[in-house]
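# Observations on the model geometry
What follows is the residue order along each chain.
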Amino acid sequence: MAKPRSNQSRLHVPEPPFRPGDSPDYSHISVPTMHTPHRPDPMCDDHETAEHALKLIRVMRFNGDTAGEWIPNLTPDIKRKMLKDMMLTRAMDERMFAMQRQGKMSFYMKSAGEEAVSVGHAQALLDTDMTFPTYRQQGILINRGASMLEMMNQCLSNSGDPLQGKNIPVLYSFKKHGFFSISGNLGTQLIQAVGWAMAEAYKNSDSIASTFTGEGATAEGDFHYALNFASTYRAPCIINVVNNQWAISSFQGIAMGEGESFAARGTGYGLATLRVDGNDALAVYAVTSWAAERARKGGGATVIEHFTYRKEGHSTSDDPSKYRPKNDAEVWPFGDPVKRLKDHLIKLGEWDEDQHTAYEKEAKLFVRETYKQAEALGTVDSGPQVDDFTMFEQVYADPPKLLLEQKEMFKRELG
Amino acid sequence: MAKPRSNQSRLHVPEPPFRPGDSPDYSHISVPTMHTPHRPDPMCDDHETAEHALKLIRVMRFNGDTAGEWIPNLTPDIKRKMLKDMMLTRAMDERMFAMQRQGKMSFYMKSAGEEAVSVGHAQALLDTDMTFPTYRQQGILINRGASMLEMMNQCLSNSGDPLQGKNIPVLYSFKKHGFFSISGNLGTQLIQAVGWAMAEAYKNSDSIASTFTGEGATAEGDFHYALNFASTYRAPCIINVVNNQWAISSFQGIAMGEGESFAARGTGYGLATLRVDGNDALAVYAVTSWAAERARKGGGATVIEHFTYRKEGHSTSDDPSKYRPKNDAEVWPFGDPVKRLKDHLIKLGEWDEDQHTAYEKEAKLFVRETYKQAEALGTVDSGPQVDDFTMFEQVYADPPKLLLEQKEMFKRELG
Amino acid sequence: MPQMSMIEAIRDAMDVKMTEDPNVLTFGEDVGFFGGVFRCTAGLQEKHGLHRCFDTPISEGGIVGIAIGMAANGLRPVAEIQFADYIYPGYDQIASEAARLRYRSNGDFIAPLTIRTPVGGGIFGGPTHSQSPEALFTHISGLKTIIPSNPYDAKGLLIAAIESDDPVLFLEPKRLYNGPFDGDHESPSVSWKGHELGEVPSGRYTVELGKARQVTEGSDITIIAYGTMVWVAEAVAKNMGISADILDLRSLMPLDIDAIEASVKKTGRCVILHEATRTSGFGAELMALVHERCFYHLEAPIQRVTGWDTPYPHAQEWAYFPGQKRVTAAVREVLEAA
Amino acid sequence: MPQMSMIEAIRDAMDVKMTEDPNVLTFGEDVGFFGGVFRCTAGLQEKHGLHRCFDTPISEGGIVGIAIGMAANGLRPVAEIQFADYIYPGYDQIASEAARLRYRSNGDFIAPLTIRTPVGGGIFGGPTHSQSPEALFTHISGLKTIIPSNPYDAKGLLIAAIESDDPVLFLEPKRLYNGPFDGDHESPSVSWKGHELGEVPSGRYTVELGKARQVTEGSDITIIAYGTMVWVAEAVAKNMGISADILDLRSLMPLDIDAIEASVKKTGRCVILHEATRTSGFGAELMALVHERCFYHLEAPIQRVTGWDTPYPHAQEWAYFPGQKRVTAAVREVLEAA
Ligand SMILES: Cc1ncc(C[n+]2csc(CCOP(=O)(O)OP(=O)(O)O)c2C)c(N)n1
Ligand SMILES: Cc1ncc(C[n+]2csc(CCOP(=O)(O)OP(=O)(O)O)c2C)c(N)n1
Ligand SMILES: [Mg+2]
Ligand SMILES: [Mg+2]
């Protein structure tokens, strides 16, 4: 580990082990292989999961085998679907990133390295379960069969944008796919998801809510509200912390402090707590099923930490080589989530390199074709565009007179 | 335990075991006698205190004996001072409550039943340590020798009020006694105390900060901020949660949910966590010394839960018989903090009933005399009063012109 | 017609809606078993069940946050914030979330919640139990801000708020809970009993959000007020023996700009009252609007009478409160201006 | 004289103060090693040490909270909030605590902290990277609110803010970080290089908080602006070829009311500009103040030109932004009014 940088006072400020120029070495992070913790009954006492908050639940070994108590009962078809969803998510991310670089979009955010979290999680939920995602779970939409054209239209803020240009790229809203409107304000949706889940219980429904935060945003008050209210009212929900090691330029130790895991934050609230290898799609599926069952049966909420790695920049506005070693992502010891599920399927005899290359191409082609259709509907500054006057809509259910007058003022401005 | 009240939905809403009309029976709360947890080294790993968050540290048994590893090394003189401070605090509270009832004050808040928390804690700190109290730690001021006349003047908002009528009764500010200005907004001072402590570390000073919250207010975001920032920057501070079982009318289970203790909230943040019998002044002293030593030596923050009971109404505006059994306080199994220290001192042979009665009288007399002096300086609506124009002062260091103009407007209004 | 205090009228509004619509529920600090520190929810838990009227942790951000999630999921939550002075930890959830959810999702999700909270001074509550923060909310597009001045309006407006598909902030002047208050703290308190506006129909009725109430009709001057200040305005006009158009706004956003404009165009003179801090208070917006629309009809500069640019002091409460003296002086000046 | 962008000037202000006063330190999200998402603190950690310029958790409430504690304990913290749109979780700590600590303790404790945060649109940031929430702060007594429009002022005002014994909210128009912006998004961007106001003296100097800058002197009309809108005002006046008194307020609270009053009394006509949402924006207060003081000197109704009462949309950014067209129309109307 790198030596701590000079600090002339007793004020302790944590620093990441490696900075640009360092040769990162993660041998201090133990990669559990066989000793994945046991799987308690989903209706167990929350105490029984305290150790799970500090361990790491894994299903797939690096050689493609599966091991331990958490192996989910999934058909090869479903596993192939998961792999394809992850590949499609990645293909879309790559295309959109490139298009942003060409000036077609104001902004984009990839989920590279984290596809197993969104896809594995979504696969284990019911369609009636509402998800409250951040901007890095586009895989949920892909898994739930949302229209990629609509997603791209949103990113382009074009004439086909379901949000009519009101929001920045990636901040989707797809109620029809159980995908809550993403807020640009970090953390806020955590407690809203708890409220949504409370409403499900109130209505005696079987559905649950599942909400996401990055590890960085756990520092917001909303995270505390969510854990506390979920505990008090035994809300049927899942609180997912995606620990991808980085906020923007801050490493996870800034949010974590002297704590040992983000899952462990839930322990003091009496919530179930699981920590999972977030690059292991089957493990993500397994812990999600466990937590969903617990929630659905009235056992209350589970905090799941998805331990993963943000392989690329925070967004198109970011350059990670400014604050971490260039090869950090490569030496990260948990591998790539797509490759890991691929290796597993190949080992099973349910997938091969040719199929993989073929689907890679197919996904790329599909994304390219879809993007073409999207661009034909315009971009934020060219082609068919959203009518400017739509900006006055959906502020209120019934717009106040003062707002209608402003619409008139704007008409006069345009002449 | 009382049966839960009817609830026609799956939404779980916690309820206290007893309501008015019930016969409270706290036999389910175990009162640990000899098995107080062991005392680790104050610089131990935070893990070693995880069990302490769920147990209860005690020093005094009900018969006045002391037991266990936490017995503090205190002279009889200091113990007597603590007893007297507690008695004086109680005597003042009683007088002020009665005077409020006579209309002399707009409001008052007693600390009955919780005197050991404030006095025991203050006794274990250094004068240079800044405390960030709530409205129920007046015992800190008494212990630190603040002028009771000034305190009463504040409550009366009279011509001698150091705050010149700006704030409501009990929300004292005594920088000279290391007593931070109490905010009417719950929770806010928790994170401010962490900032104060960070500044001490930044300045390489040995002083620490100690901050308080009721168990109810732990639900505010500031509690989370405090634990998180204290952990990240290893701030030299103590975070005290006074669990007196009640917010206003809400029992502690509303804030706690499925959690097991408020001290345990700190575990997930990697902070040291102690839970103490808050009616045991010697135990409060002991845990405070431990946490103060840890903080001063660079070991970071400790969360201390003081397990106690609010014997009376929340404030003069409250009537607890509306929401809890009338005799709840009496059957509460941890006794009265004054009586417990008294019994211990008597057992030691350092105090007797006569001395006790004598000091009770002395305290009462002192309070009565002091109150007379205070009332001579006026009350909020009679006698010498704060000049109305002082309301324009201390808004800014240098008042803006618009504010000075308002002062002139007010002059004109008075004619 | 039943006689009600404002507290009872507010409680009745919730009771009516909870009885009629299973999606309506209410919660907040001390709201459940105890029935609220001002007793606005007393009896509702017993009548409607633990799951429909309950206590929350002391967490205003959490309270608003769950209300948003519930509202998006089809319920009609009525959340209580114990004092408006404590609403700020929930400010982000209100301004960034409740008010913006419809817009940012282009109508895909909405947040039809109501937040009730007591405002205003007059009970020696000092800096943290007396604030009137309405202007911090009227600046937030997407939010409706309502403030009744009497039991009849309180019930009708609260029912309309609960039924509104937009998030509504419902401010309750605590000094009016038990009776009208004309700003003279030295005279004995009056109750709503026997007061015309204390006559509150049973069952459901609504008062439209966005319509002002014409308190008195007159020709000399327009006095724009809301909440407690409506009563001060009425007392001042009466004592001065002037013929005033007094408007009780009731709804700050949406605003009854037509009523304001018509009145000032008629009288040519205008005084605006509020209890909140002067600078950037809602009076500034009202003044701007009147100026923009009625400039050529004004015979004197508009004046506003407000609280000062200081926190609400404890002992100097009546020096802070814009009472009859301050209002009278302003009205006189405006009337006497050439 | 050194040439600086506004980013460099802001960084230099902190550098100067950190060099001169060991009690000054700065922190915020991504502020440390990385130097801030807008690079305002780049290099400060390396130069002054890890303990004087560091990253914080993503917790605006926590950031302001520790700043208050530090400030009360004798330090001079400069806290960065990454975007003003994210300041709301810290609103309670700012409004209830930083702004009130001096008052409620009658001067026993003070909170001399500075909060820096970027405001305004023009970078396609949509609803959550474009807001101008100044009016939510000018209503808070005890707080100072500053907004520079150029590098020279930015440095001098920030140094004055750090030295002020009051809490200061320091708003940085992000569209001006790298150059002046006249509201015409279609013309090529300009940089501060070579610009007169990009000439920034080295070392310590201050610009007094509460003094407006007279941008141009004129006799036809007064245009009151701040932040980005100052540049739009200048372009409009130039293009229209009118003789305008343009005031760059720089400080909203304390406000240079004398300068405003003198100017409007001279010109008799006034237009007020801001980018924020119209209703209850700071323009309302300015309009109220001008009305109160200059009524008899006004030859036409004052107009305000503002953003709309909607969230800041993404695609319709330039339809929302109060650009030259909107401003020109208002100025023309005011000039032409009888
Ligand atoms: C309330 C708030 N504060 C700050 C930001 C700016 N911001 C956007 S993303 C980000 C980092 C988030 O990190 P993390 O929570 O770990 O999520 P990740 O991007 O790693 O998925 C920051 C600081 C914001 N959007 N909202
Ligand atoms: C932010 C905020 N919300 C609500 C209140 C109103 N309030 C004052 S005291 C109180 C109960 C506090 O309970 P607890 O934290 O347990 O402290 P205790 O009174 O028991 O010492 C409430 C709800 C407040 N003062 N501040
Ligand atoms: Mg992250
Ligand atoms: Mg309590």
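Predicted model, so just to flag it, every value in this text is computed and none were measured.

### Brief notes about unusual backbone geometry
- Pro254 of chain C follows Met253 of chain C through a cis peptide bond whose omega is 0°.
- Turning to its location among the elements, Pro254 of chain C is positioned in the loop between strand E10 (251-253) and helix H9 (257-267).
- Phi angles above zero are rare outside glycine, and Gln245 of chain B is one such case at about 75°.
- Topologically, Gln245 of chain B is positioned in the loop between strand E3 (237-243) and helix H7 (252-256).
- Unusually for a residue other than glycine, Phe124 of chain D sits at a positive phi of about 55°.
- Structurally, the position occupied by Phe124 of chain D is in the loop between strand E4 (114-119) and helix H6 (135-138).
- Given a relative accessible area of 23%, Phe124 of chain D falls into the partly exposed group.

### Details of the site of ligand 2
- The immediate surroundings of ligand 2 are formed by 20 residues, with Tyr135, Arg136, Asn244 and Trp246 of chain B together with Glu60 of chain C found nearest.
- One chain alone does not account for the residues near ligand 2; they come from chains B and C.
- Glu60 of chain C has a polar side-chain atom sitting 2.6 Å from a nitrogen atom of ligand 2.

### Here's the deal with the site of ligand 1
- Of all residues adjacent to ligand 1, which total 20 residues, the nearest are Tyr135, Arg136, Asn244 and Trp246 of chain A together with Glu60 of chain D.
- Bordering ligand 1 are residues originating from chains A and D.
- Note that a nitrogen atom of ligand 1 is positioned 2.6 Å from one of the side-chain N or O atoms of Glu60 of chain D.
- Within the side chain of Tyr86 of chain D, one N or O atom sits 3.2 Å away from a nitrogen atom of ligand 1.
- When its residues are assigned to classes, the shell around ligand 1 shows eight nonpolar, seven polar and five charged.

### Focus on the domain arrangement of chain A
- When its domains are assigned, chain A resolves into domain 1 (46-384) and domain 2 (390-415).
- The centre of domain 1 of chain A, based on its C-alpha atoms, is set 37 Å off from the matching centre of domain 2 of chain A.

### Details of the coordination of the magnesium ion (ligand 4)
All names here are of chain B.
- Taken together, Glu215 (OE), Asn244 (OD1) and Trp246 (O) make up the protein donors of the magnesium ion (ligand 4), found 2.1 to 2.2 Å from the metal.
- Donor residues for the magnesium ion (ligand 4), ordered by position in the chain, follow E-x28-N-x1-W. Pair noted here: Glu215 is in the loop between strand E2 (209-214) and helix H6 (221-232) and Asn244 is in the loop between E3 and H7, with a separation of 29 residues, a long-range link. No difference in accessibility class separates Glu215 from Asn244, as the two residues are buried.

### Remarks on the UniProt feature "domain: Dehydrogenase E1 component" (unreviewed entry) in chain A
- UniProt records the feature "domain: Dehydrogenase E1 component" (unreviewed entry) at residues 85-376 of chain A, using the numbering of this structure.
- Note that residues 85-376 of chain A is 44% helix and 10% strand, and that its end C-alpha atoms are spaced 25 Å apart.

### With respect to the pairing of E4 of chain D
All names here are of chain D.
- Burial analysis of E4 places six of its six residues in the buried class, which makes it a mostly covered element.
- Of the two faces of E4, both are covered, the one formed by Thr114, Arg116 and Pro118 as well as the one formed by Ile115, Thr117 and Val119.
- Where strand E3 (residues 76-80) and E4 come together, three bridges link them in parallel fashion. Each bridged residue has a counterpart across the sheet, and for Val78 the counterpart in E4 is Thr114.
- The sheet contact formed by E4 and strand E6 (residues 168-173) spans six bridges and is parallel. If you follow Val119 over to E6, its bridge partner there is Pro173.

### Here's the deal with the interface of chain C and chain A
- Counting residues at the interface gives 49 residues for chain C, matched by 43 residues for chain A.
- When the two sides are added together, the surface that chain C and chain A hide from each other amounts to roughly 3800 Å², 58% of it contributed by carbon and sulfur.
- Taken as a group, Tyr103, Arg104 and Asn106 of chain C account for 19% of the area that chain C buries against chain A, more than any other trio of residues on that side.
- The interface formed by chain C and chain A contains three salt bridges.
- Here Arg293 of chain C and Glu405 of chain A are joined by a salt bridge, their closest N and O atoms 2.5 Å apart.
- No other element matches the nine residues that helix H3 (residues 60-72) of chain C contributes to the side of chain C that touches chain A.

### Some thoughts on the sheet that holds strand E8 (residues 221-225) of chain C
Residues and elements named next belong to chain C.
- Across the sheet, which stays open at both edges, the five strands sit in the order E7-E9-E8-E11-E12 with mixed pairing between neighbours. Of all strands in the sheet, those bounded by a partner on one side alone are strand E7 (213-216) and strand E12 (303-307). Here the average twist between neighbouring strands, direction ignored, is 25°.
- In this structure, E8 lies alongside strand E9 (residues 244-248), joined through five bridges in parallel fashion.

Conventions and cut-offs
- Think of each chain on its own: its residues are numbered from 1, step by step along the sequence as written.
- Key to labels: chains lettered from A, ligands numbered from 1, both in the order written.
- Reporting of local features is limited, given that this is a predicted model, to residues whose pLDDT is at least 70; pairs of side-chain atoms are given and counted only at 80 or more, and all residues count toward the totals for whole chains, interfaces and linings.
- Where side-chain values are given, they derive from all heavy atoms of the structure, hydrogens and water being excluded.
- Working definition: helices are DSSP H or I runs of at least four residues, strands are E runs of at least two. Numbering for both runs from the N terminus.
- For every residue, the accessible area (1.4 Å probe, protein chains only) is compared with the maximum for its type, and the residue is labelled buried under 20%, exposed over 50%, or partly exposed between those bounds.
- Any residue with a non-hydrogen atom lying within 4 Å of a molecule or strand is treated as near it.
- Under this definition, polar contacts are N or O atom pairs within 3.5 Å; protein pairs additionally need one hydrogen-donor-capable and one acceptor-capable atom, and for neighbouring residues in sequence, both atoms have to be side-chain atoms.
- When residues are sorted by character, Ala, Val, Leu, Ile, Met, Phe, Trp, Tyr, Cys and Pro go into the nonpolar class, Asp, Glu, Lys and Arg into the charged class, and all the rest, Gly among them, into the polar class.
- Annotation comment: domain bounds sourced from an automatic or database domain assignment.
- Nitrogen, oxygen and sulfur within 2.8 Å of a metal are treated as its donors, or within 3.2 Å for sodium, potassium and calcium (Na, K, Ca); water is not counted, so a site can appear incomplete.
- UniProt positions are given in the numbering used here, feature names are shortened, and annotations may be inferred rather than shown by experiment.
- Two strands qualify as a pair provided DSSP detects at least 2 bridges between them.
- In what follows, a contact means two residues having at least one pair of non-hydrogen atoms within 4.5 Å.
- The term buried area refers to how much accessible surface (probe radius 1.4 Å) is lost by two components on association, counted for both of them together.
- By definition here, a salt bridge exists when the distance from a side-chain nitrogen of Lys or Arg to a carboxyl oxygen of Asp or Glu is within 4 Å.
- Structural elements are reduced to axes, namely lines fitted to C-alpha atoms, with helices fitted over the stretch in contact, and the angle between N-to-C directions of any two is expressed from 0 to 180 degrees.

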